[in-house]
Each structure stands twice: as C-alpha cells, then as structure tokens.
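A structural walkthrough
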Amino acid sequence: EAQVTQNPRYLITVTGKKLTVTCSQNMNHEYMSWYRQDPGLGLRQIYYSMNVEVTDKGDVPEGYKVSRKEKRNFPLILESPSPNQTSLYFCASSPKTGFGNTIYFGEGSWLTVV
Amino acid sequence: GQNIDQPTEMTATEGAIVQINCTYQTSGFNGLFWYQQHAGEAPTFLSYNVLDGLEEKGRFSSFLSRSKGYSYLLLKELQMKDSASYLCAVRGMNSGGYQKVTFGTGTKLQVIP
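First things first, this report covers the structure right here in the doc.

1. Quick look at the layout of surface pockets
- Of the voids in this model, the largest pocket is the one considered here, and its volume is about 560 Å³.
- In terms of lining, the largest pocket is formed by 23 residues, of which the most central are Gln37(A), Pro39(A), Gln37(B), Ser85(B) and Lys108(B).
- Among the elements of the structure, β4 (31–38) and β9 (87–94) of chain A together with β9 (84–93) and β11 (107–112) of chain B are those that each provide at least two residues to the lining of the largest pocket.
- Here the residues of the lining of the largest pocket sort into 8 nonpolar, 13 polar and 2 charged.
- Reported here for the second largest pocket is a volume of approximately 250 Å³.
- In this structure, the second largest pocket is lined by 15 residues; those nearest its centre are Ala2(A), Gln3(A), Val4(A), Tyr104(A) and Phe105(A).

2. What to know about unusual backbone geometry
Residues and elements named next belong to chain A.
- Going from Asn7 to Pro8, the amide bond is cis rather than trans, its omega being 0°.
- Its place among the elements puts Pro8 in the loop between β1 (4–7) and β2 (10–13).
- Unlike most non-glycine residues, Asn28 shows phi in positive territory, near 60°.
- Inspection of the secondary structure puts Asn28 in the loop between β3 (19–25) and β4.

3. Thoughts on the pairing of β9(B)
Residue and element names in this part refer to chain B.
- The element β9 is extensively covered by neighbouring structure, given that 8 of its 10 residues are classed as buried.
- Across 6 bridges, strand β4 (residues 32–37) lies against β9 in antiparallel orientation. Residue pairing across strands places Phe33 opposite Ala89, the latter belonging to β9.
- For β9 and β11, the ladder comprises 3 bridges, and the chain directions are antiparallel. By the bridge assignment for β11, Ala84 is matched with Leu109.

4. Structural notes on the state of the cysteines
- Scanning the entire structure with this criterion turns up 2 disulfides over all chains.
- The disulfide bridge from Cys23(A) ends at Cys91(A), spanning 1.8 Å between sulfur atoms. Classification of the bridge connecting Cys23(A) and Cys91(A) rests on its S-S torsion, roughly -75°, and on that basis the disulfide is left-handed. Here Cys91(A) lies in strand β9 and Cys23(A) lies in strand β3, a separation of 68 residues in the sequence.
- On the accessibility criterion, Cys91(A) (0% relative accessible area) is buried.
- Here Cys22(B) pairs with Cys88(B) through a disulfide, and the sulfurs are 2.0 Å apart. Classification of the bridge connecting Cys22(B) and Cys88(B) rests on its S-S torsion, roughly -70°, and on that basis the disulfide is left-handed.

The rules we used
Residues numbered from 1 in each chain as written. Chains lettered and ligands numbered in written order. Predicted model: local features only at pLDDT ≥ 70, side-chain atom pairs only at ≥ 80, totals over all residues. Heavy atoms only, no water. 1 Å grid on protein atoms, 1.4 Å probe; cavity = no way out; pocket = protein on both sides within 12 Å on 5 of 7 lines; lining within 4 Å. Points joined across faces, edges and corners; volume = space filled by probe spheres on them. Helix = DSSP H or I, 4+ residues; strand = E, 2+ residues; numbered from the N terminus. Nonpolar A, V, L, I, M, F, W, Y, C, P; charged D, E, K, R; others polar. Buried < 20%, exposed > 50% of the residue type's maximum accessible area, 1.4 Å probe, protein only. Pairing = 2+ DSSP bridges. Disulfide = S-S within 2.5 Å.

That's the geometry; what it means functionally is another story.
Shown next as structure tokens:
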C-alpha cells in the first residue's frame, strides 16, 4: 500500500529539548516536503527536498532542519523547540515535480512544546 | 511569489450544490489541486487541473481558467460527510527556479440538514 508514514503522531515536549519527527515513503518519490498547519494560516511549507541530498527552505524554515540522505526518508529536526512551534505537522511526497499530479500526505504529527 | 484566495467559510444544505471558488497568482503555473481535509486529519486528494476546463469525478467537479487565475470546486448532492475544509493549492515556480506547491488557507464547508 502506498503511504507516507510519520512518527511520532503525538508528542508533548519541553522548550529546548531537541526532537526529530521521522517521515518515510514507500513510493520511490523524488519530492518530499514538510508543512505545518495552524488555525487560520493553512498549510505552510517548512522545507522541501527535490531528491537525495537536495533540500531547500520553504516559507517558514526558521527553527527547523532537515536532511535527505536516503530517497525514502526525510526527517524534520527541531534543534531547540520553542512554544511557537506547537503545531500540526504534515510530511508529504510526490513524484518528480512536473510529473504526476498527486501529493501524498502522512497522517500528521501533533506537537506541543511547553 | 504565489498568492491564493478562497473564502474562509461556507454553509450549504444537504442535497444541494455548492461551489467553492479559488483565485490565484503565480509564476510558472503548472497545475492546481483541490484537497479535502477533515478536522485533525491529513488532506486527501480530490482533483487536479492543468488545462482549462472542467474535470468531473463523481459528485465532485473542478474547473480551471488559467487566463483568469481562477478555479472552482463544485460539490453536488451534498452529504453530511462533506463537511470539511477544502484546500486549493497551486504549483508554480519559486524564486529559486524550483517548482513549488502553495496551499490556500482553506474553505471550511458546513453541510446542514
């Protein structure tokens, strides 16, 4: 079954404690991205990756890091989380941009920073 | 950059038809998506338009006019389960020359009996 899997699904953490949200896809997609979703602001892109070892900032990259060492994995790293990073996070993947017409989303990760 | 506008909320009656509009501005347009999202869940794909015209898929249809930067999602024979947010998303070109998908803030549709 084609899917995007992200973990953890729910997490409460404290300010400053580094955390990683993992994302894995089994569709051999080149393109992966991370979004955060906040009330009234919609889905905002944090980082994206065009392929292995190719990443770039989205609209709201501050406070986040990513890596793409393997095609299937695209972890999101919060080096020093702060309360304003409390949000619902989605990982997404799609075939090479310009080809294919569907973006697949993970189930979402609810993150609370206290 | 990319800019997308869609109404924040709409209400419609069960069994009726509703049209959700989306206007956009982007460079290097390469497709428009509609997604459905129930509260707290992941968005699910509804439709994709890259050429002008109407795409029909069951109760859902999506229309695109590239010259006007305009799309709409048409939902027929509304059901209570259609109560959700509907996200318009546009694929265009970012400042770095890469293709990028930008989502609108979504239209929250409430279907009432």
